[in-house]
Amino acid sequence: MKLLTVVGARPQFIKAAVVSRAIARANEARRGMPALEEVIVHTGQHYDDDMSEVFFRDLEIPRPAHNLGVGSGSHGLQTGRMLEAIETVIERESPDCVLVYGDTNSTLAGGLAASKLRVPVAHVEAGLRSFNRDMPEEINRVLVDHLAAILFCPTEGAVKNLNCEGIVRGVHCVGDVMYDSLLHNLERAKSGAHILLRLGLQPGSYALATIHRAETTRQAEELRRLISCLGAVGLPVILPLHPRTRKVLERDVARLDLGQVRLIPPVSYHDMLSLERHARVVVTDSGGVQKEAFLLRVPCVTLRNETEWRETVDAGWNRLAGTDPAAVEEAIHASLAQVPPSPGSPYGVGRAGEAIVEVLLNELGPGLGPGSHTGDAMGKHRRQPALS
């Protein structure tokens with residue numbers, strides 16, 4: 001059975017590494033039986049070395065068989081270029097299933113291209129909802145869920161979201177691949193990453209911030225005010241700069257009041273885990289960083305008014321502050337003042353990768369040959385009436 005994996009952005013490389021390892025283990029255990037062949041397509045949505053190549057090296061992901069080199073652009077331009085290129089790859093490879101991750105333009109393009117060619121789509125991180133349709137990511141994840149034949153949900157809440165939209169077949173609650181990744185990589189991050197030493201930091205002595213979303217960086221003046229706010233919270237703030245954020249700040253760097261904010265280049269996944277683990281508080285607009293902070297039991301302030309990871313908020317480890325400087329500062333001080341009780345385990349037991357591979361083998365069938373993808377897997381996703 002051939003699986004075409006479409007990735008294009010930093011979080012997707014991390015998630016895909018989990019499933020790729022599980023595929024390798026499954027193939028090793030199934031010697032003498034049909035193997036699960038994975039063909040990786042890198043769209044090039046994140047294309048510079050700090051945001052792309054370093055992750056393939058550090059996470060030991062199999063090299064992409066196809067690198068589309070799409071690069072940056074408007075949502076429509078970028079997605080259109082991906083759609084055209086992925087369609088060509090699907091026709092050439094004739095996979096039995098196309099696997100997509102998360103909520104990026106790469107996710108949407110992979111899902112659209114596959115569904116139009118009648119290839120089953122499997123979506124990892126299905127069912128997540130922020131309920132904010134102004135977010136491009138929300139549009140992407142909703143559309144792909146309604147295209148997908150197999151939906152891998154990280155939580156029971158995600159399953160309920162799909163049920164409310166009438167999606168009840170092909171839905172599997174497998175746990176969160178990011179939890180798998182954290183468990184697999186944390187020891188390596190402890191022993192091999194020396195980012196704190198390089199930056200002259202002591203554990204628990206600093207805040208870690210990430211700012212990258214289009215809605216957070218769209219207005220240069222608002223971004224500068226937000227960074228000025230971070231610089232005045234009373235702790236050194238380490239801010240690895242996403243290329244989009246760097247470009248906005250470079251337009252008028254003279255007006256930037258950094259205070260205690262320290263700008264650094266993007267860091268590797270293992271360095272990021274180390275920075276998160278030892279931070280006193282994390283401030284972010286990233287869904288993945290919110291969740292990693294939660295899993296590492298580090299208080300988090302999210303620079304949004306909503307989140308698709310509601311479990312982190314309900315457990316008291318994540319505060320939604322938006323981007324108003326006063327609200328952000330208040331949330332940071334509240335996070336520093338009170339440590340929440342230890343939460344349960346809403347994101348599974350760290351075996352999501354194995355569960356995903358098992359479902360793929362069961363749903364698509366180990367004997368299914370390339371090109372026969374118009375069969376039962378497409379039919380499994382018929383809509384049922386929405387639940388009240």
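Residues numbered from 1 in each chain as written. Predicted model: local features only at pLDDT ≥ 70, side-chain atom pairs only at ≥ 80, totals over all residues. Heavy atoms only, no water.

Undergrad: Describe the overall build of the protein, naming the residues involved and giving the relevant values.
TA: When you go through the protein residue by residue, the secondary structure sums to 17 helices and 13 strands. Taken over 388 residues, the protein has a buried fraction of 58%. When contacts within the protein are restricted to residue pairs at least 6 apart in sequence, long-range pairs at least 24 apart make up 70% of them. Summed over its atoms, the accessible surface of the protein is roughly 15,800 Å², and 51% of this surface lies on carbon and sulfur atoms. (Helix = DSSP H or I, 4+ residues; strand = E, 2+ residues; numbered from the N terminus. Buried < 20%, exposed > 50% of the residue type's maximum accessible area, 1.4 Å probe, protein only. Contact = heavy atoms within 4.5 Å. Areas by Shrake-Rupley, 256 points an atom, 1.4 Å probe, with all protein chains shown as cover.)

Undergrad: Describe the environment of V100, and please don't skip the residues or the numbers.
TA: For V100, the position within the fold is in strand β4 (residues 97-101). When the C-alpha atoms of V100 and V144 are compared, they prove to be 8.8 Å apart, with 44 residues separating the residues in sequence.

Undergrad: Mind laying out the sheet that holds strand β8 (residues 207-210), listing which residues take part and the relevant values?
TA: Read from one edge to the other, the open sheet built from six strands follows the order β10-β9-β8-β11-β12-β13, with strand pairing classed as parallel. Where the open sheet ends on each side, the last strands, each with one partner, are β10 (261-264) and β13 (318-320). Taking the axes of each pair of neighbouring strands and ignoring which way they run, one obtains an average angle of 20° across the sheet. Alignment of strand β12 (residues 300-302) against β13, held across three bridges, turns out to be parallel. Paired with T302 across the strands is L320, a residue of β13. The sheet strands contacting helix α13 (residues 287-295) are β8, β11 (281-284), β12 and β13, and the helix crosses β11 at an angle near 165°. (Pairing = 2+ DSSP bridges. Axes fitted to C-alpha atoms, helices over the stretch in contact; angles between N-to-C directions.)

Undergrad: Which residues make up unusual backbone geometry, and what are the values?
TA: Phi is positive for R118, close to 65°, though the residue is something other than glycine. Summarising the element assignment, R118 is placed in the loop between α4 (105-116) and β5 (121-124). The exposure class assigned to R118 is partly exposed, which follows from its relative accessible area of 45%. The phi angle at R297 is positive, at roughly 60°, despite the residue not being glycine. By the secondary structure assignment, R297 is in the loop between α13 and β12. By relative accessible area, which is 31% here, R297 ends up partly exposed.

Undergrad: Account for the nonpolar core, with residues named and values stated.
TA: Grouped together as the largest cluster of nonpolar side chains are 91 residues, with contacts concentrated most on F152, L275 and L360. Per-element tally for this core: the top contributor is helix α1 (residues 10-29), with nine residues. Among the nonpolar cores identified, the runner-up in size contains 26 residues, and A220, V233, L249 and V281 belong to it. (Core = buried A, V, L, I, M, F, W, Y, C linked by side-chain atoms within 4.5 Å.)

Undergrad: How would you summarise the layout of surface pockets if you had to cite specific residues and measurements?
TA: One number sums up the size of the second largest pocket: a volume of about 210 Å³. Taken together, 14 residues line the second largest pocket, and the ones lying closest to its centre are N132, E215, R304, N305 and E306. Residues of the lining of the second largest pocket, tallied by class, amount to three nonpolar, five polar and six charged. (1 Å grid on protein atoms, 1.4 Å probe; cavity = no way out; pocket = protein on both sides within 12 Å on 5 of 7 lines; lining within 4 Å. Points joined across faces, edges and corners; volume = space filled by probe spheres on them. Nonpolar A, V, L, I, M, F, W, Y, C, P; charged D, E, K, R; others polar.)

Undergrad: Tell me about the pattern of salt bridges, and name the residues and values.
TA: On inspection of all chains with the given rule, the structure shows 18 salt bridges. With a closest N to O distance of 2.4 Å, R25 and E354 form a salt bridge. Of this pair, R25 sits in helix α1 while E354 sits in helix α16 (residues 352-364), placing them 329 residues apart in sequence. Take R25: its relative accessible area is 42%, and that puts it in the partly exposed class. Each of D103, E137, E138, R141, R213, R304, E306 and E308 takes part in salt bridges that share partners, so that together they form one network. (Salt bridge = Lys/Arg side-chain N within 4 Å of Asp/Glu carboxyl O.)

Undergrad: I'd like to hear about empty space enclosed by the protein, residue by residue, with values.
TA: Across all of its chains, the model carries two cavities of 30 Å³ or more by this definition. Approximately 60 Å³ is the volume found for the largest cavity. The wall of the largest cavity is formed by E215, T216, E222, L223, R225, L226, T323 and P325. Those elements that place two or more of their residues in the lining of the largest cavity are α9 (214-217) and α10 (220-230). Ranked by residues supplied to the lining of the largest cavity, first place goes to α10 with four residues. In the lining of the largest cavity, the residues fall into three nonpolar, two polar and three charged.

Undergrad: If you had to explain the packing of helix α3 (residues 75-93) against α4 to someone new, which residues and values would you point to?
TA: Taken N-terminus to C-terminus, the directions of α3 and α4 make an angle of 45°; their axes are 8 Å apart at the nearest point. As summarised for this structure, α3 and α4 are arranged oblique, according to the angle between their axes. For the pair α3 and α4, the crossing hand works out as right-handed. From α3, H75, Q78, T79, M82, L83, I86, E87 and I90 reach across to α4, where they touch N105, S106, L108, A109, G110, L112, A113 and A114. For the contact of α3 with α4, a count of residues per class yields nine nonpolar, six polar and one charged. (Parallel < 35°, antiparallel > 145°, perpendicular 65-115°, else oblique. Left-handed = near helix turned anticlockwise from the far one by under 90°.)

Undergrad: Requested: an account of the confidence of the model for the protein, with residues and values cited.
TA: On average, residues of the protein score 88 in pLDDT, and 89% of them are at 70 or above. With pLDDT under 50 throughout, residues 366-376 is counted as low confidence; its partners more than four residues away or in other chains account for 20 contacts. In this model residues 379-388 is a low-confidence stretch, pLDDT under 50, and it forms 24 contacts with partners more than four residues away in sequence or in other chains. (pLDDT = per-residue confidence, 0-100.)

Undergrad: Give a detailed account of α16, specifying residues and quantitative values.
TA: Taking 1.5 Å as the rise per residue, α16 with 13 residues should run 18 Å; its terminal C-alpha atoms sit 18 Å apart, in good agreement. Those residues of α16 lying buried are A352, G353, I356, V357, V359, L360, L361, E363 and L364. Backbone geometry just downstream of α16 places G365 in the positive-phi region, at approximately 85°. (Expected span 1.5 Å × (residues − 1).)

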